[in-house]
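Residues per chain, in single letters:
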Amino acid sequence: MIRLFSTHQIRKSTELEGLWDFTPAAHMGEKVGAYRYRLPVPGCWEMHPEFGNYRGIGVYRQKVTLHQRSNLRLEFKGVSHTAHVYFDGVMKACHYNAYTAFECVIPQVEAGTHDLVVYVDNSFHEDSALHVPNDYYTYGGIIRPVAVEEISDLYIQNVMFTPVRQGLGWHGSWKAVVRNMGQVERMVSIRGILAGIDAELGRSLVKSGETVEISSWVAYPDVKEWSLENPNLYALTAILTTEEGYDCDDWLDRVGFRTITTDNGKIQLNGKDVVLQGVNRHEDHPMAGSALPLHLMVRDLELITDLGCNAVRTSHYPYDERFLDLCDERGIAVWEENHARGLSLEQMLNPNFGWQSEQVTHEMVQQHYNHPSILIWAILNECASHTEEGRAHYEKQLTIIGELDPSRPRSFASHHRDQEKCFDLAEIVSFNLYPGWYTNENPGELADQARLWADALGGKGKPMIISEFGGDGFYGFRSPNREKGSEERQADIIDSNLRAYLERDYISGIFIWQFSDCRVTEGLGWLLARSCTRNSKGIVDEYRRPKLAYETVKRYFRGR
Ligand code: ADA
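Reading the values: the criteria
- Residues numbered from 1 in each chain as written.
- Predicted model: local features only at pLDDT ≥ 70, side-chain atom pairs only at ≥ 80, totals over all residues.
- Heavy atoms only, no water.
- Near = heavy atom within 4 Å.
- Polar contact = N/O pair within 3.5 Å; in protein donor to acceptor, adjacent residues only side chain to side chain.
- Areas by Shrake-Rupley, 256 points an atom, 1.4 Å probe, with all protein chains shown as cover.
- Nonpolar A, V, L, I, M, F, W, Y, C, P; charged D, E, K, R; others polar.
- Phe/Tyr/Trp six-rings, centres within 6.5 Å; stacked < 30°, edge-to-face > 60°.
- Helix = DSSP H or I, 4+ residues; strand = E, 2+ residues; numbered from the N terminus.
- Buried < 20%, exposed > 50% of the residue type's maximum accessible area, 1.4 Å probe, protein only.
- Lys NZ or Arg CZ within 6 Å of the ring centre and 35° of its normal.
- Core = buried A, V, L, I, M, F, W, Y, C linked by side-chain atoms within 4.5 Å.
- Contact = heavy atoms within 4.5 Å.
- Pairing = 2+ DSSP bridges.
- Right-handed = clockwise from strand over helix to strand, strands pointing away.

Q: Lay out the site of the ligand in plain terms, naming residues and giving numbers.
A: Taken together, 13 residues form the shell around the ligand, and within it Asp135, His316, Glu382, Tyr438 and Glu468 come nearest. The separation between an oxygen atom of the ligand and a polar side-chain atom of Asp135 is 2.4 Å. Burial of the ligand by the surrounding chains reaches 98%, relative to a free accessible area of 320 Å². Considering only residue class, the shell around the ligand consists of three nonpolar, four polar and six charged.

What follows is the structure, given as structure tokens:
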């Protein structure tokens, strides 16, 4: 299931969910003999007993059958982390990054059965600047769904819809991208259907092999706004029509009407101040790796709601779109961020860092643009934003987001305190602070200090978020001595932090590190040598069993 609803009615689309042939290999593109395994897609190969720690290349094979000659479009929602896609023995697409989707379009495929082979690499090497040994796990495999579509020569590549409030009424700004993969120039028109209004969005000539953007502005006088309390969603349909009047393609999505602003040092949803109280979450589960099936995503959101949260931070990468669909439906605010965690200046100077993180930033915004639940875009968690070289990257990536989407505020989670150099570049300043865990500071005094740092370093007048705080709590380690690592101590830390932050009205968001324990990369040094090769700061453990801190969080978040 690629989304929680059908994304096409005209375009023929099916999913390649199920068991695929699989074999490990030594090199990308290497000729493989026998495929000795059958692995589920979506899935992580670590779930197979022989590949529990496998870091390297895996080859997946599946058959694709077409009943008539057609253009084929394959959509991969996430392959971890590098994919080379071969169709009938010829390489057709390459993609880097586990957490964004990519397409592979193959013109004029004959009817019959074809061979789809995907080489997947999850190894760490110089060519991979973002997937590095880290405080979470880079799994291997086709971790998110795959769709196979038959498309006409003219097809819709993307639709970006922006709700705009004007006075008392709502408008929508539509931007549709249409591609012509045929041999001749064609005239097309697009209609947009939403909230009972069927509007002509525009006409355009599309040259062979090119794309055009068709934009329009439509009034929606009678829609209800999307809010955390009442997450009203509307089905959106775009229909592409040829000059001859033939409806050749469509695009279905869901949108919500809401505004998100940052005025007077606060965050407003639909003009009203809001305080985001949430958790940081990794896509990780011992029985699924990073390929959580829908029912486990739902379970996580049930627990997150039970905790009294109204927000989730997608630390530290763009999420599976089904999770975002669930947040849209349930009125859970999302801070979505591009992919990076704790990269040093040296790591940011890897020549691949620039294009890889700019690409994931583009893809994140373009692919997830329509989700009303996403209120904040963010970049580069705890990277070198305290250096001039680092700042150049922050500036570039925040500019990319600002140009693609001026409707949402931007932020980044910083741990550089009074050394931070980038607060002027974003609309929201955010701090990762660990008083009671990595330091002995008093959380309230530290927050007041952080506000002063923000004010002095370019963040004056901007809303402030505590984007991380917390401490280890090993599930089942109960101790009257309340040592570090005990559930009691973790609950104490969460308690003192929450009390301090919730009573400070200049704080517009609080995200606990973290929702559930997660697997981390094994290595040397304090970070990669964590006990049990886990980050154990979850409020629930990796199987989602609540620790003592669960009730603490509930008391604060639900008590408000
Ligand atoms: C950082 C980081 C998290 C996690 C956390 C911790 O702030 O952003 O990914 O590593 O610290 O547990 O230390």
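Q: Summarise the packing of aromatic side chains; cite the residues concerned and give the values.
A: For the coordinates displayed, the defined rule picks out 29 aromatic pairs. Note on Phe161 and Phe257: the rings are 5.7 Å apart at their centroids and 80° apart in plane angle, and the pair reads as edge-to-face. Highlighted residues: Phe161 in strand β13 (residues 154-166) and Phe257 in the loop between β19 (247-255) and β20 (260-263), separated in sequence by 96 residues. Taken as a pair, Phe161 and Phe257 share a single burial class, namely buried. Taking 5.3 Å as the distance between ring centres and 55° as the angle between the ring planes, the aromatic pair formed by Phe423 and Phe431 counts as tilted. When sorted by exposure, Phe423 lands in the same class as Phe431, which is buried. Within the aromatic cluster, the residues linked to one another by ring pairs are Trp20, Phe22, Tyr37, Trp45, Phe51, Tyr54 and Tyr60. Its guanidinium or amino end placed over the ring of Tyr369, Arg408 lies 5.5 Å from that ring's centre, counting from NZ or CZ.

Q: Now, about the nonpolar core: what can you tell me, with residues and values included?
A: Residues Tyr394 and Leu498 are the most contacted members of the largest nonpolar core, which totals 87 residues. Not counting residues within four places of it along the chain, the set of residues in contact with Leu498 comprises Phe469, Ile510, Val553, Tyr556 and Phe557. Residues Leu39, Phe102, Val109 and Leu116 belong to the second largest nonpolar core, which totals 29 residues.

Q: Quick rundown of the pairing of strand β25 (residues 333-337)? Include the residues and the values.
A: Here β25 lies mainly inside the structure; five of its five residues are buried. In β25, alternate side chains face the same way, and those of Ala333, Trp335 and Glu337 on one face and Val334 and Glu336 on the other are all buried. In terms of strand pairing, strand β24 (residues 311-313) meets β25 through three bridges, oriented parallel. Bridging across to β25, Val312 finds its partner in Val334. The parallel pair β24 and β25 is bridged by helix α2 (residues 321-330), and the resulting crossover is right-handed. Two strands pair when backbone bridges link them, and β25 and strand β26 (residues 374-378) are joined in this way by four bridges, in the parallel orientation. Paired with Trp335 across the two strands is Ile376, which belongs to β26.

Q: Which residues make up the pairing of strand β7 (residues 82-87), and what are the values?
A: A large share of β7 lies buried, amounting to six of its six residues. In β7, alternate side chains face the same way, and those of Thr82, His84 and Tyr86 on one face and Ala83, Val85 and Phe87 on the other are all buried. Across six bridges, β7 lies against strand β8 (residues 90-96) in antiparallel orientation. Paired with Tyr86 across the strands is Met91, a residue of β8. What sits between the antiparallel neighbours β7 and β8 is a turn of two residues, in which Asp88 has the positive phi angle 50°.

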